[in-house]
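# A closer look at the structure
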Amino acid sequence: MFEDARQFKEAFVDKLQTMQGVALEQATNLDKYMALGGVIRDYIYKNWVETNNHYRKKESKQVYYFSLEFLLGRQLRSNLLNANLSVVEEALQELNIDLSKVEEMEPDAGLGNGGLGRLAACFLDSLASLQLPGHGCGIRYKYGHFEQKIVNGYQVELPDNWLKEGNVWEVRRGDKAVMVKFGGQVRLEEIDGKLVPIHENYDPVLAVPYDTPVVGFKNNTINTLRLWNAESGIKEFDFPSFNHGDYMKAVQYKYETEAISQVLYPDDSHQEGQVLRLKQEYFLVSAGVQSILRSYKKGNKSIRELPEQVVIHLNDTHPVLAIPELMRILMDEEGFGWDEAWEITQNTMSYTNHTTLAEALEKWPVDIFKELLPRIYMIVEEINKRFCRELWERYPGQWDRIAQMAIIADGFVKMAHLAIVGSYSVNGVARIHTEILKKQEMKNFYKYYPQKFNNKTNGITHRRWLLQANPKLADLITNSIGTSWIKHPEDLKELRFYAQDASFKEELQKIKRENKEQLAQLIQEQNQVQVEVDSIFDVQIKRLHAYKRQLLNALHILHLYNKLREAPQMEFVPRTFIFGAKAAPSYYHAKWVIKLINSIADKVNNDKSIQGKLKVVFLENYRVSLAEKIIPAADVSEQISTASKEASGTGNMKLMMNGAITIGTLDGANIEILEQVGSENIFTFGLTEQQVIEYYAHGGYNSWEIYHQDEQVRAILDQLVNGFLGDGSKEFKTIYNYLLHNNDEYFVLKDFASYANAQQELERAYRDQNRWREMSAINIANSGGFSSDRTISEYATGIWKVEPLEILGRSR
Ligand code: 26W
């Protein structure tokens, strides 16, 4: 198939007709996108069949990555790249079709909030690219993460109807649907001397899988992402029988059932306690576990061997009900006794923690839980009872400790405790994060189960984030050190010799400039702001959250602006500050920070007196496809969270890999970046994790003191409330109060001076362009270790115990 461009052109023109019903001459970009997707899909599907057959035949151990979020972004370009279809670009050129325009027709699959969801997507890419049998299991939300508009500086949310034109990559598997039960009552009946739970009057929900192929990089492996859709299963002819023809009730039932997979919760790091969310969580795991067991039972292995054949990985606590769900199936449907079922379950589940923020730790009120999931609750209660008994034996009389560790306590089910108790592995996502888990948040559990705890520092797929997003840089790298880095990203190390090579650095600079030109054009189109291509492109892109401290960045911009206004002729390297961030719709503080950034942008961008030396740009609707355009153009990467708060961060890795220099706190993976590049090639500042924890524990910080002592800080804060920034004064007053009257929970003012210093140092370094390019090259050279290929290899050998399996392709 597709030996050459001609063959591909034929297939493409044919697809335009059979799928879209148009001739090439009449085809719109959307038609072209659909047909191109269709041709590529057909091509990929062949190896998909092959891969699945092979997995079945070999009975190899399979990993299932359970996640409420998969933030895939667009798939056309990465499928083209991974499926090795380079003839396509050539063929499209011959047809006079601009691939970049066609590509813009694809909506981002935005089925995730941020870091956790994007990590899941990078992991799928690495699993397939390393030929590991690993699949995703999630929800097919009809509406993904909301679309953000900025209106008068404020965030406005619109629904993201990403499926409206259909989805070329997926296939519905109606025959593989399973039933999930909610509500009702459970009674125990004695049958043959055994107590058997009978679940009655429940509401059945039909879970229908939609499968998407996950293409490995040039290796024939095609894994599966299975996303579940909630349906009522009521057929049109069921309506009359619905309780004496209660038509309205039947319609309502259909509506309520479908609501389960209607929308992604747009909150990261804050759990809301809504029943619908709990329904989503159980819906996913029940459907997922049932379908795994169903296909497992078609093979020859006994269920006792499940842990040798299957791993279910829990992406944070959101899918943690997989633990009691597997227990339920093993006991109620497969006839196992408790002890054996528990051993199988514990040895099948592994769990990753992604945050230590208290407000993000999931806990569900017992009464809601019990009513929605009566059988699952009984099982969780029993797990808790047995666990507490075990604790009692180990720590006799230590009531406090046992109460702290219990799974059910104070009227809540604590999901993290269930996760730790019910799985064989617990990992953090960067070294410092794992250490904090061990010595703080999960201290008691670490003492009890030291062998379960381990670290797996996050990573990103260098295929999407370098090869695909920054093709010019990728070419330069290949021209310098050869192609081995593409399969073995640690080989990027070879580039360190080029950090001294004048012509390499010149090329590097040229490429960065071209990427900046492209971004400048996008900024012009989207924001009508003209930015100086030769200014420093200083980028902060991530969810808007107080702990990530976009506010620190914004206040510092105001500070620079004040200095420039005072002395417009001072020595100053022009700077463009670029932001992208969505705030959770009910997170007011975060929304006011967006307004603040936009107000500062208005003021600064329109002040002629500073001669365009400072520009501020807030790009709306930050998402994967926008990140792919911003990151290759960044000079500076802002990673300025309050130390101890950012579990890892992954944007930091993407920016580094594209040659941006980090300015950051000693938090999350920044610390490991620092170790890789050396302190001369990164700018660090601010309180350390120990200092922050010390302040939280013993007090000693008063933000007013800084206000009174630091004239510059005082000037900025006063500008928030004296009308300097135009409208928005109510919102800015709230920010002012948050910093001063609420004592600045995340130490923005405390770290301000140190941040401003680091920024000055950074500016000084940038003035020496030769040195800057060297730093940039050193960052790229040391980024290979942050490829998710490294992370996934560590999961594979350290946690999952799975091995690569070669697939011999059918398509060539
Ligand atoms: C229940 C509400 C909720 C939703 C999402 C609570 C918590 C979350 C996530 C755990 C938040 C998240 O995305 N965490 C991020 O995970 C990334 C991948 O490991 C890390 O790089 C980020 O530092 C971490 O904030």
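Structure first, text after, so check above.
A brief structural summary. (Residues numbered from 1 in each chain as written. Predicted model: local features only at pLDDT ≥ 70, side-chain atom pairs only at ≥ 80, totals over all residues. Heavy atoms only, no water.)

### Here we look at a nonpolar patch on the surface
Judged by side-chain polarity, Val151, Val156 and Leu158 come together as a nonpolar surface patch covering roughly 200 Å² of accessible area. Of note, Leu158 is situated in strand β6 (residues 154–158). On the basis of relative accessibility, which here comes to 34%, the residue Leu158 falls in the partly exposed class. (Patch = residues over 30% accessible without salt bridge, like charges linked within 9 Å, V, L, I, M, F, W, Y side chains within 5 Å. Areas by Shrake-Rupley, 256 points an atom, 1.4 Å probe, with all protein chains shown as cover. Salt bridge = Lys/Arg side-chain N within 4 Å of Asp/Glu carboxyl O. Helix = DSSP H or I, 4+ residues; strand = E, 2+ residues; numbered from the N terminus. Buried < 20%, exposed > 50% of the residue type's maximum accessible area, 1.4 Å probe, protein only.)

### A closer look at helix α27 (residues 689–698)
Considered for burial, the residues of α27 that qualify are Glu689, Val692 and Ile693. Angular distribution of buried residues about the axis of α27 spans 95 degrees; they occupy a single face of the element. Turned more than 90 degrees away from the buried face of α27 sit Gln690 and His698, all of them exposed. In the core, the buried residues of α27 are packed alongside α16 (431–441). (Arc of directions from axis to C-beta. Contact = heavy atoms within 4.5 Å.)

### A short note on the nonpolar core
One finds Phe283, Leu321, Phe369 and Trp800 to be the most contacted residues of the largest nonpolar core, which totals 106 residues. If you tally residues by element for this core, the top one is helix α8 (residues 275–297), at ten residues. In contact with Phe369, other than residues within four places in its own chain, are Leu278, Leu321, Trp364, Ile376, Tyr377, Val380 and Val413. Counting residues in hydrophobic clusters, the runner-up holds 71 residues, among them Val573, Phe579, Ala601 and Val616. (Core = buried A, V, L, I, M, F, W, Y, C linked by side-chain atoms within 4.5 Å.)

### Some remarks on the site of the ligand
Near the ligand there are 22 residues, and of these His354, Asn458, Glu646, Ser648 and Gly649 occur at the shortest range. Glu646 is positioned such that a nitrogen or oxygen atom in its side chain is 2.6 Å from an oxygen atom of the ligand. Ala647 has a polar backbone atom sitting 3.3 Å from an oxygen atom of the ligand. Calculation on the ligand without its partners gives an accessible area of 580 Å², and the protein chains cover 96% of this total. Considering each element in turn, the shell around the ligand owes the most residues, three residues, to helix α6 (residues 115–129). Its residues assigned to classes, the shell around the ligand comprises six nonpolar, ten polar and six charged. (Near = heavy atom within 4 Å. Polar contact = N/O pair within 3.5 Å; in protein donor to acceptor, adjacent residues only side chain to side chain. Nonpolar A, V, L, I, M, F, W, Y, C, P; charged D, E, K, R; others polar.)

### Quick word on the layout of surface pockets
Rolled over the atoms, a probe sized like a water molecule indicates the empty space that remains. Taken as a whole, the second largest pocket encloses approximately 970 Å³ of empty space. If you go around the second largest pocket, you meet 31 residues; those closest to its centre are Asn52, Arg56, Gln62, Tyr64 and Ser295. Within the residue set of the lining of the second largest pocket, elements represented by two or more residues are α2 (29–58), β1 (62–66), β4 (134–139), β12 (222–231) and α8. At seven residues, α2 tops the list of elements feeding residues into the lining of the second largest pocket. Residue composition of the lining of the second largest pocket, grouped by class: nine nonpolar, 13 polar and nine charged. (1 Å grid on protein atoms, 1.4 Å probe; cavity = no way out; pocket = protein on both sides within 12 Å on 5 of 7 lines; lining within 4 Å. Points joined across faces, edges and corners; volume = space filled by probe spheres on them.)

### Some words on empty space enclosed by the protein
Applying the stated criterion across every chain, the model contains four cavities of 30 Å³ or more. Taken together, 19 residues form the lining of the largest cavity, with Leu72, Ser78, Asp125, Val214 and Arg464 sitting closest to its centre. Partitioned by chemical class, the residues of the lining of the largest cavity number eight nonpolar, seven polar and four charged. A volume near 60 Å³ is recorded for the second largest cavity.

### Considerations on the packing of aromatic side chains
Tallied over the full model, the rule gives 26 aromatic pairs. Residues Tyr795 and Trp800 carry aromatic rings whose centres are separated by 5.0 Å and whose planes lie at 35 degrees to one another, so their mutual orientation is tilted. Accessibility classification places Tyr795 together with Trp800 in one group, the buried group. Lys363 extends its terminal NZ or CZ atom over the ring of Phe412, reaching a point 4.6 Å from the ring centre. (Phe/Tyr/Trp six-rings, centres within 6.5 Å; stacked < 30°, edge-to-face > 60°. Lys NZ or Arg CZ within 6 Å of the ring centre and 35° of its normal.)

### Some points on the environment of Asp751
Residue placement: Asp751 occurs in the loop between α30 (729–740) and α31 (752–767). By relative accessible area, Asp751 is classed as buried at 3%. With 627 residues separating them in the primary sequence, Asp751 and Leu124 have C-alpha atoms 38 Å apart. In this structure Asp751 touches Arg549, Phe685, Gly686 and Leu687, once residues within four positions along its chain are discounted. A polar atom in the side chain of Asp751 sits 2.9 Å from the backbone nitrogen of Leu687.

### Quick word on a positive patch on the surface
A contiguous patch of positive charge, built from Arg56, Lys176, Arg294 and Lys298, is present on the exposed surface. Tracing the backbone shows Arg56 in helix α2. The class of Arg56 is exposed, set by a relative accessible area of 58%. (Lys, Arg positive; Asp, Glu negative; His and termini not counted. Charge placed at Lys NZ, Arg CZ, Asp CG, Glu CD.)

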